[in-house]
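Descriptive structure summary
Here's the letter readout for the chains.
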Amino acid sequence: MLKPSVYLLLSAALFTAGCQPKETAPPATASAASAPTAASAPTVSAPAPFTTPKPDDLLAQFNWYRARAEHDLTAATPVQADALYVQFSADIDELLKTLTEREQKVLENYYDYWTYDEKTDTHHPKPNIKKRVAELAAADLEYWYVGEGMAEVRPQADYYWKLFGKHVSPDYADFLRIEAEQNKTLVFNDAAIVISWAQLGKYVMDWEGFLQRHAKSKLATRARCLYGNYASAYLLGANNTPVRDYDTKVLQPEVKAEWQRLRGQHPESPVAKLTLQAEAMEKEDEASVAKLLAPLNLPDSEACYSGVGG
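One structure accompanies this document, and this report is about it. Nothing here was measured: the structure is a model prediction, and the numbers come from that model. (Residues numbered from 1 in each chain as written. Predicted model: local features only at pLDDT ≥ 70, side-chain atom pairs only at ≥ 80, totals over all residues. Heavy atoms only, no water.)

Quick word on the packing of aromatic side chains
Convention followed: Pairing of aromatic rings covers Phe, Tyr and Trp, the last through its six-membered ring, and needs centres within 6.5 Å; plane angles under 30 degrees mean stacked, over 60 mean edge-to-face, and all others mean tilted. Counting from the N terminus, the helices are the DSSP runs of H or I reaching at least four residues and the strands are the DSSP runs of E reaching at least two. Between buried and exposed lies partly exposed: a residue is buried under 20% and exposed over 50% of the maximum accessible area for its type, with that area taken using a 1.4 Å probe on protein chains only. Criterion for a charge above a ring: Arg CZ or Lys NZ at most 6 Å from the ring centre, at most 35 degrees from the ring normal.
Overall, the coordinates contain 19 aromatic pairs when judged by the stated rule. Look at F88 and Y159: their rings are 6.0 Å apart centre to centre, the planes differ by 25 degrees, and that puts the pair in the stacked class. Highlighted residues: F88 in helix α2 (residues 78-102) and Y159 in helix α5 (residues 159-164), separated in sequence by 71 residues. For the pair shown, F88 and Y159 are each scored as buried. Put simply, the rings of Y85, F88, Y159, Y160, F164 and Y172 pair up and form one aromatic cluster. Taking NZ or CZ as reference, R154 lies 3.9 Å from the ring centre of W144, over its face.

The following block contains the structure:
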């Protein structure tokens, strides 16, 4: 397990995956002067009702929900698209729960169904699971290794960004863009941080920037949970990726260099400022960790587990 901070609770459950989306800036908010008035705003005809019956096959249902969302988005306002995203993601989560139960044998014995190529650091399905991989891919799903020989079934990294990114409000678009980018890479594995300290620092800054730009967003709590998860790992490390040498308790050289870089590039960042306190910490008991993280005003673990916001 990771260090005893409640914000190291998301680990591999922070879905991460296949291909990085093309990064684009979130849509700019129109100024009051340029915004059309209610009288001049164009009228958009509502689309015909989506009448395709929902199939019985579970994987086909993923595509059915996506097709329905695509249909409904054609005439949706950004606010309506936000609501469609929230409902759609809840529907997909329910399907994933059922699919996970059906795939439990494969997920718990992931290595039995895959071969590992050391040269490319990739896993390849054995013949007895190759067809299933293709079936999942047809529904924009994949097996995702989460460590200790196990895997999850999840949507591909940019699943929600590709579907909703051009339709939702600026804060939702920004959230989905950041999530899609970060979801392409596993962050935590076997109580270790498996990306570089610099990349972890970027993840922290991504969410810190989001919270500065969209402080009143309905997604702010979800963003702050992710922010806390990465920030606490950045400041405290993990059991198998400590910030200090186990024996000497001296700060790891690569950690010290990264913290200096962050302070130099982002001097006003709350986390950058906290690196000085983290560097001076003599112990990492629960009280000391809570005191260190207190300035970040993070949600409690219950709020993060419940997935509030959105």
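Let's pick the thread back up.
What to know about the state of the cysteines
Definition in use: Counting rule for disulfides: a pair of cysteine sulfur atoms within 2.5 Å.
Per the counting criterion, the structure on display carries one disulfide. The disulfide that involves C225 links it to C304, with 2.1 Å between the sulfurs. Here the disulfide of C225 and C304 is left-handed, its torsion about the S-S bond being about -95 degrees. Separated by 79 residues along the polypeptide, C225 in helix α8 (residues 220-236) and C304 in helix α12 (residues 301-306) bring together distant segments of the chain. Just as C225 is buried, C304 falls in that class too.

Here's the deal with unusual backbone geometry
Residue D121 is not a glycine yet carries a positive backbone phi of 55 degrees. Looking at the element boundaries, D121 is found in the loop between β1 (114-117) and β2 (122-125). Since its relative accessible area comes to 54%, D121 is described here as exposed. Even without glycine at this site, N297 takes up a positive phi of about 50 degrees. In this fold, N297 is placed in the loop between α11 (286-293) and α12. Taking the relative accessible area as the measure of exposure, N297 reaches 60% and is therefore exposed.

Regarding the layout of surface pockets
We apply this condition: Here a cavity denotes grid points, spaced 1 Å and computed from the protein atoms alone, that fit a 1.4 Å probe unable to get out, and a pocket denotes an open set having protein on both sides within 12 Å along at least 5 of 7 lines; residues with an atom within 4 Å of a point are the lining. Grid points are joined across faces, edges and corners, and a volume is the space filled by probe spheres set on the points. Only Asp, Glu, Lys and Arg are considered charged, only Ala, Val, Leu, Ile, Met, Phe, Trp, Tyr, Cys and Pro nonpolar, and every remaining residue, Gly among them, polar.
A volume near 560 Å³ is recorded for the second largest pocket. Among the elements that make up the lining of the second largest pocket, the one with the highest residue count is strand β3 (residues 141-147) (five residues). Taken together, the residues that form the lining of the second largest pocket break down as 13 nonpolar, five polar and two charged.

Overview of the pairing of strand β4 (residues 150-155)
Rules: Pairing between two strands is assigned when DSSP locates at least 2 bridges connecting them.
The pairing of β3 with β4 spans six bridges and is antiparallel. In the strand pairing of β4, Y143 is matched with V153. The loop that links β3 with its antiparallel partner β4 comprises two residues; one of these, E148, has a positive phi angle of about 55 degrees.

Topic: the pairing of β2
In this sheet, β2 lies alongside β1 in antiparallel orientation, the contact comprising four bridges. Residue pairing for β2: W114 is matched across the bridge by P125. Hairpin connection of β1 to β2: four residues between the antiparallel strands, including D121 at a positive phi of 55 degrees.

Quick word on helix α1 (residues 58-73)
Let me state the cut-off plainly: Here the expected length of a helix is defined as 1.5 Å per residue gap, with one fewer gap than residues. By the convention used here, residues are in contact when the closest approach between their heavy atoms is within 4.5 Å. Think of a polar contact as two N or O atoms within 3.5 Å of one another; within protein, one of them needs to be a possible hydrogen donor and the other a possible acceptor, and neighboring residues in sequence only count if both atoms come from side chains.
With 16 residues, α1 ought to run about 22 Å at 1.5 Å a step, and its terminal C-alpha atoms sit 23 Å apart, in line with that. Along α1, the residues that are buried comprise L58, L59, Q61, F62, W64, Y65, R66, A69 and L73. Those residues of α1 that are buried are in contact with α2, α4 (127-138), β3 and α5. Sitting at the head of α1, D57 places a side-chain oxygen 3.2 Å from the backbone nitrogen of L59.

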